[in-house]
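# Topology and contacts: notes
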Amino acid sequence: MLKNVYNWIDERLDITPIWRDVADHEVPEHVNPAHHFSAFVYCFGGLTFFITVIQILSGMFLTMYYVPDIINAYNSVEYLQTQVAFGQIVRGMHHWGASLVIVMMFLHTMRVFFTGSYKAPREMNWVVGMLIFFVMLGLGLTGYLLPWDNKAYFATKVTLEIANSVPWLGPIIKELLQGGTIVGAETLTRFFAIHVFFLPAVLLALLVGHFIMIRRQGISGPL
Amino acid sequence: MSSNHNDEHEESHNPPRRKEMSRRQFLTYTLGGATAYMAAGVVLPMLRFAVDPILQNKEEGAFVKVVEESKITNEPQEFHFELQQQDGWYNSTATLTAWIRKNDQGEIIALSPICKHLGCLVGWNSNKNFPDEYHCPCHGARYTPDGKNLAVAPKPLDQYETKVENGWIYLGEIVPNTVVS
Ligand code: HEM
Ligand code: FES
């Protein structure tokens, strides 16, 4: 049945080469944990991506209940966590995933570093990876304010004070991020927009670049 | 995939031979099954989370004390009353309006002013051309004092569930009109 549907579409659109090109590629022996168990270190990139997918999915679902408004943000988070079925789980995925994605990214970076995979011709992918790293930190930072509880509020105050300490430009950066002179309504909407629209868009673009380069250059060789 | 050299030999002994699963098929099914199971573990909580409002028990509307029965006349009068409304995490007070009258049989009739055409608010005696009728300013729907639709609207005005206790009128949920039709 499914096969017939696939064949029907394939006859018309010739989609087989498209997914073949994406999915059909060799996994060299030295990166296959079934051959050398220590090759599991090559999984960290994939795991980072897997958790990123969970972050994006669970984040999209959280916005069904979340409101970026100083009166209602806390209440909406409390409501979705305590009243809505599986709310604790969906928020839990996003909450713990946010930390785990940083851990995985760090391990992935370690692997790339110690296998020397950043060397020519892969320098550009190291740079893109670093950009992804900063975007991830930005997502963690802006997301942290969203529950609008005490921890969120003061963590954001601290971050903004750090931004404030940049020579010359500090005060301008701070006010720009803050959206005004206090951490308040406009800070919350700003962080929400950055967290949910701007940074995910940048992240996806960078990931596409990262993956295209990997397909072009292949996995780096054995040590 | 290895071909089974014993095929012909075995077939002569027990003819209706079971179709065996190839190693590749087995791996496809187990890996596919395990992947589907794990994917479901991620996706199902999110879906259940998303549809939760549909599955919540709808709470029964409580009756609200509105006005003394003795104030009610044959002529419809407008009364406002307040209702606590829980909307997710947002608790608010909604103000509702009822047009209440007593008909010739002494029945209390509390009508909702929401026009059954497209939802504007009707008023009693609000148009000089149509005395002693409910009239809707939007597209000219008209109704009798009991709410029967005379023009434009396809259905009679809805009613509030009504009860009288110790001389007071209590109003409940909005239900389809039972007095006319
Ligand atoms: C398109 C992608 C994303 C969307 C739509 C999204 C949406 C949201 C929303 C609505 C909240 C507030 C609800 C809550 O706090 O429980 C939130 C919180 C948060 N998000 Fe995201 N998010 C996305 C991606 C990410 C990523 C990739 C990260 C990680 C680097 C991240 C990190 C966080 C953090 C740390 C919080 C605070 C969580 C908590 O305290 O429970 N988000 N996100
Ligand atoms: S909404 Fe009342 S007449 Fe159309």
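Residues numbered from 1 in each chain as written. Chains lettered and ligands numbered in written order. Predicted model: local features only at pLDDT ≥ 70, side-chain atom pairs only at ≥ 80, totals over all residues. Heavy atoms only, no water.

## Some words on the overall build of chain B
Heads up, the rule is: Secondary structure elements are taken from DSSP: a helix is a run of H or I of four residues or more, a strand is a run of E of two residues or more, and numbering for both begins at the N terminus. To get the radius of gyration, use the C-alpha atoms; to get the globule rule, take the number of residues to the power 0.38 and multiply by 2.2 Å. Note on exposure labels: buried denotes an accessible area under 20% of the residue type's maximum, exposed denotes more than 50%, and partly exposed covers the range between, all computed with a 1.4 Å probe on protein chains only. A contact between two residues is defined here by any heavy atoms of the two lying within 4.5 Å. Exposure was quantified through the Shrake-Rupley algorithm and a 1.4 Å probe, taking into account, for residues, occlusion by the shown protein chains and nothing else.
Within chain B one finds two helices and 10 strands. For chain B, whose C-alpha radius of gyration is 33 Å, the value lies well above the compact-globule estimate of 16 Å for 181 residues. In chain B, which comprises 181 residues, the proportion classed as buried is 30%. A fraction of 43% describes how many contacts in chain B between residues 6 or more apart in sequence connect residues 24 or more apart. For chain B, the exposed surface amounts to about 12,300 Å²; the carbon and sulfur share of it is 53%.

## A short note on unusual backbone geometry
Residue and element names in this part refer to chain A. The omega torsion of the bond from Ala 120 to Pro 121 falls at 5°, within 30 degrees of zero and hence cis. Among the secondary structure elements, Pro 121 is positioned in the loop between helix H5 (87–114) and helix H6 (123–145). We note that Phe 86 has phi near 65°; this positive angle belongs to a residue other than glycine. Position of Phe 86 relative to the elements: it lies in the loop between helix H4 (73–82) and H5. A relative accessible area of 39% places Phe 86 in the partly exposed class. With a phi close to 60°, Trp 168 is a non-glycine residue in the positive phi region.

## Observations regarding the UniProt feature "transmembrane region" (unreviewed entry) in chain B
As a reminder, the rule being used: UniProt positions are given in the numbering used here, feature names are shortened, and annotations may be inferred rather than shown by experiment.
Mapped onto the present numbering, the UniProt feature "transmembrane region" (unreviewed entry) falls at residues 26–47 of chain B. Taken end to end, residues 26–47 of chain B is 100% helix and 0% strand, and its first and last C-alpha atoms sit 30 Å apart.

## Concerning the UniProt feature "domain: Rieske" (unreviewed entry) in chain B
Residues annotated in UniProt with the feature "domain: Rieske" (unreviewed entry) correspond here to residues 102–171 of chain B. Here residues 102–171 of chain B is 0% helix and 36% strand, with 14 Å between the C-alpha atoms at its ends.

## Looking at the interface of chain A and chain B
Rule in force here: Summed over both partners, the accessible area lost on bringing two parts together, with a 1.4 Å probe, is the buried area. Criterion for a salt bridge: a side-chain nitrogen of Lys or Arg within 4 Å of a carboxyl oxygen of Asp or Glu. Definition of a polar contact: a pair of N or O atoms within 3.5 Å, with one able to donate and the other able to accept a hydrogen when the atoms are protein atoms, and with sequence-neighbouring residues admitted only if both atoms are side-chain atoms. Three categories are distinguished: nonpolar for Ala, Val, Leu, Ile, Met, Phe, Trp, Tyr, Cys and Pro, charged for Asp, Glu, Lys and Arg, and polar for the others, with Gly belonging to the last.
The interface is formed by 21 residues belonging to chain A together with 14 residues belonging to chain B. With both chains or domains summed, chain A and chain B bury close to 1,500 Å², and 81% of this area falls on carbon and sulfur atoms. Looking at the side of chain A facing chain B, the largest losses of area belong to A:Phe61, A:Tyr65 and A:Tyr79, adding up to 33% of the total buried there. Where chain A packs against chain B, one counts zero salt bridges. At the surface where chain A touches chain B, the tally comes to two residue pairs in polar contact (both at pLDDT 80 or more). For the side of chain A that touches chain B, the secondary-structure elements that each account for two or more residues are helix H3 (44–62), H4 and H5 of chain A. The residue makeup of the side of chain A that touches chain B, split by class, is 15 nonpolar, six polar and no charged.

## Here's the deal with the side chain of B:Gln159
Residue and element names in this part refer to chain B. Mapped onto the secondary structure, Gln 159 falls in strand E9 (residues 159–165). Residue Gln 159 is classed as buried on the basis of its relative accessible area of 7%. For Gln 159, the side chain forms a polar contact with the side chain of Thr 178, separated by 2.8 Å. Leaving out residues up to four positions away in the same chain, Gln 159 has contacts with Ile 109, Ala 110, Leu 111, Ser 112, Glu 173, Ile 174, Val 175, Pro 176, Asn 177, Thr 178 and Val 179.

## Some remarks on the site of ligand 1
Residue and element names in this part refer to chain A. Rules: Throughout, near means a residue has at least one heavy atom within 4 Å of the molecule or strand.
Not every one of the 22 residues close to ligand 1 is listed here, only the nearest: Arg 91, His 94, His 95, Gly 143 and His 195. Here an oxygen atom of ligand 1 and a side-chain polar atom of His 95 are 3.0 Å apart. In the environment of ligand 1, a nitrogen atom lies 2.7 Å from a nitrogen or oxygen atom belonging to the side chain of His 195. Mapped by element, the contributors of at least two residues to the shell around ligand 1 are H3, H5, H6 and helix H9 (185–217). Across the shell around ligand 1, the residue classes break down as 13 nonpolar, eight polar and one charged.

## A closer look at the nonpolar core
Note the threshold: Take the buried residues of types Ala, Val, Leu, Ile, Met, Phe, Trp, Tyr and Cys, join any two whose side-chain atoms come within 4.5 Å, and each joined set is a nonpolar core.
Core analysis: the largest hydrophobic core is formed by 15 residues, its most contacted members being A:Val128, A:Ile132, A:Val135, A:Met136, A:Leu139, A:Leu203 and A:Leu206. Elements supplying a minimum of two residues to this core: H3, H5, H6 and H9 of chain A. In contact with A:Leu206, not counting residues within four places along its chain, are A:Val128, A:Leu131, A:Ile132 and A:Val135. With 13 residues, the next largest nonpolar core counts B:Val64, B:Ile72, B:Ala110 and B:Leu171 among its residues.

## Quick look at the domain arrangement of chain B
A common way to report how large an interface is uses the accessible area buried once the components associate. To be explicit about the condition: As annotated, the domain borders come from an automatic or database domain assignment.
Here chain B is partitioned into domain 1 (3–55) and domain 2 (64–175). Each of domain 1 of chain B and domain 2 of chain B was reduced to a C-alpha centroid, and the two centroids are 61 Å apart.

## So, the pairing of E9(B)
Residues and elements named next belong to chain B. For clarity, the threshold we go by: Paired strands, in this sense, are two strands between which DSSP finds at least two bridges.
Across six bridges, the pairing between E9 and strand E10 (residues 168–175) is antiparallel. Of the residues in E10, the one forming a bridge with Lys 163 is Tyr 170. The antiparallel pairing of E9 with E10 creates a hairpin that spans two residues between the two strands, and Asn 166 there sits at a positive phi of about 50°.

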